[in-house]
Amino acid sequence: MSFTDLGLDAALVRAVQEKGYTQASPIQAQAIPAILKGSDLMAAAQTGTGKTAGFTLPLLHRLNLGKPVRSNRVRALVLTPTRELAAQVHDSVQTYGQHLRLHSAVVFGGVKINPQMMRLRRGADILVATPGRLLDLYEQNAIQFNDLEILVLDEADRMLDMGFITDIRKILALLPKQRQNLLFSATFSEEIRSLAKGLLKSPVEINVSPKNSTATAVEQIIYEVDKAQKTALLAHLIKEQQWEQALVFSKTKHGADRLVRQLTSIGVVAAVIHGNKSQNQRTEALAGFKQGKVQILVATDIAARGIDIDQLPQVVNFDLPQVAEDYVHRIGRTGRAGAKGQAISLVCADEAKQLIDIEKLIKRKFQRQQVDGFEPEHNVPHTAPKQKPVPKAVTNDKTTKGKSFAPKSLAIKPKAAKNIKAAEPGNRSRANQRRRKTA
């Protein structure tokens, strides 16, 4: 279906065509008409399906028909889990709305709040925000929601994973009850359906891909390698196969930093993005990668949300994700728009369980491969290793020479009790506040 057939404003169709698109993707063809009608929407769409345009285009169309925005007010609110995704969505709003007289803004943590407060003085037809910074701005009277018409929750599954549910509920309590609600998620988990039940009213439900499926255009390769040889193997693949650009996933921030240092030392132009980096550092690294100046971008899962690059040839799992669903999200960043891509995973014996969990999720058994010169001492098992039974505490109250029969490993020393305190219910609010400030 063409964008003209979808009933969009001519100025929006013109902007889309200038971007090089003529035919709507499946998520766009289904979502745009529903949003234009004013229906609530619950859509499952993986990264790279065109979902951002699927809601920004009809948002712009509807808002263009309404009244001008007032000072410190917002007419449409898009909530995203990360700064990168917020910036990406705002870029789409600006690109597709360039021929309309609408105002947009983006706000997120990690940068000074005063410029954002100044920007909101004239109001925003569309505001893209991370939950924590949005609440901060509301608490400082920089924004009001009286005129809100439309709410979008983008990457709702990731927002729940990151612990934003409390912030989301606070925001929902501030919004007008009469509004249109749009929820986008990679999957419809039980948690997402529970959130949708209290948020959406008779929603149109769209699912453009089978649950937890991976793109057919993506070649998935598993290389067995010892943990200590992963960096050397990655460097070998980069140079031997002459990779022009690759996105590499690390499970930890420190591991990502270490990998970039090691790649840089052998002449590979690499950069890193993760939560400990300033917003300017993250923006610079991502811009360099998009422009082709950075060959290898190393990222953690959270920071990688929002990386939207056409024709990305390789995605590498330097470490397998702890959550199998994240594998699907990661490799969805290659093989987009009909292009072919490679998803390469460097797997050591310790990661057998994660690999097996992924195979169960996507219902596919991988062929383990090895690279000459990097053969591992221990192959990756095809079955999950058995868990050692946890010793049960002895409840017998008899003692011998004043000592308990309880196993020593279960005894909690007085000093260790301090470490338990952070997990107690009364201390969660502080943890949430710290998380909010970094969002």
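Structure first, text after, so check above.
One structure accompanies this document, and this report is about it. Keep in mind that what you see is a predicted model, and the values were worked out from it rather than measured.

As for its position among the elements, E224 is in strand 8 (residues 218-224). Buried within the structure, E224 lacks any salt-bridge partner; its nearest side chain of opposite charge belongs to R368, at an N-O separation of 4.6 Å. Side-chain polar atoms of E224 contact the side chain of Q370, separated by 2.9 Å. When near neighbours in sequence (up to four residues on either side) are disregarded, E224 contacts V347, R368, Q369, Q370, F374, P376, N379 and V380.

With the rule as written, the count across this model stands at three aromatic pairs. Ring centres 5.1 Å apart and planes at 45 degrees place the aromatic pair F55 and F184 in the tilted group. Of the two residues, F55 sits in helix 3 (residues 51-64) while F184 sits in strand 6 (residues 180-185), which places them 129 residues apart along the sequence. With respect to class, F55 is no different from F184; both count as buried. Ring plane angle 15 degrees and centroid distance 5.7 Å describe the contact between Y138 and F145, whose orientation is recorded as stacked. With relative accessibility at 32%, the residue Y138 sits in the partly exposed group. According to the relative accessible area criterion, F145 is buried, its value standing at 3%.

So, about the nonpolar core. In terms of nonpolar packing, the biggest core is built from 39 residues, with L41, F55, L57 and I126 touching the most fellow members. With near-sequence residues (within four places) excluded, L41 lies in contact with A31, A34, I35, N181, L182, L183, F184, L200, P203, V204 and I206. One finds M117, L134, L151 and M162 within the second-largest nonpolar core, a separate group that totals 38 residues.

A few words now on the packing of helix 10 (residues 230-240) against helix 11 (residues 253-265). Two numbers describe how helix 10 lies on helix 11: the axes approach to 11 Å, and their chain directions differ by 50 degrees. Classified by the angle between their axes, helix 10 and helix 11 sit oblique to one another. The interaxial crossing formed by helix 10 with helix 11 has right-handed handedness. For the pair helix 10 and helix 11, contact is made by T231, L234, A235 and I238 and by L259, Q262 and L263, respectively. Residues of the contact of helix 10 with helix 11, tallied by class, amount to five nonpolar, two polar and no charged.

Calculation notes
Residues numbered from 1 in each chain as written. Predicted model: local features only at pLDDT ≥ 70, side-chain atom pairs only at ≥ 80, totals over all residues. Heavy atoms only, no water. Helix = DSSP H or I, 4+ residues; strand = E, 2+ residues; numbered from the N terminus. Buried < 20%, exposed > 50% of the residue type's maximum accessible area, 1.4 Å probe, protein only. Lys, Arg positive; Asp, Glu negative; His and termini not counted. Salt bridge = Lys/Arg side-chain N within 4 Å of Asp/Glu carboxyl O. Polar contact = N/O pair within 3.5 Å; in protein donor to acceptor, adjacent residues only side chain to side chain. Contact = heavy atoms within 4.5 Å. Phe/Tyr/Trp six-rings, centres within 6.5 Å; stacked < 30°, edge-to-face > 60°. Core = buried A, V, L, I, M, F, W, Y, C linked by side-chain atoms within 4.5 Å. Axes fitted to C-alpha atoms, helices over the stretch in contact; angles between N-to-C directions. Parallel < 35°, antiparallel > 145°, perpendicular 65-115°, else oblique. Left-handed = near helix turned anticlockwise from the far one by under 90°. Nonpolar A, V, L, I, M, F, W, Y, C, P; charged D, E, K, R; others polar.

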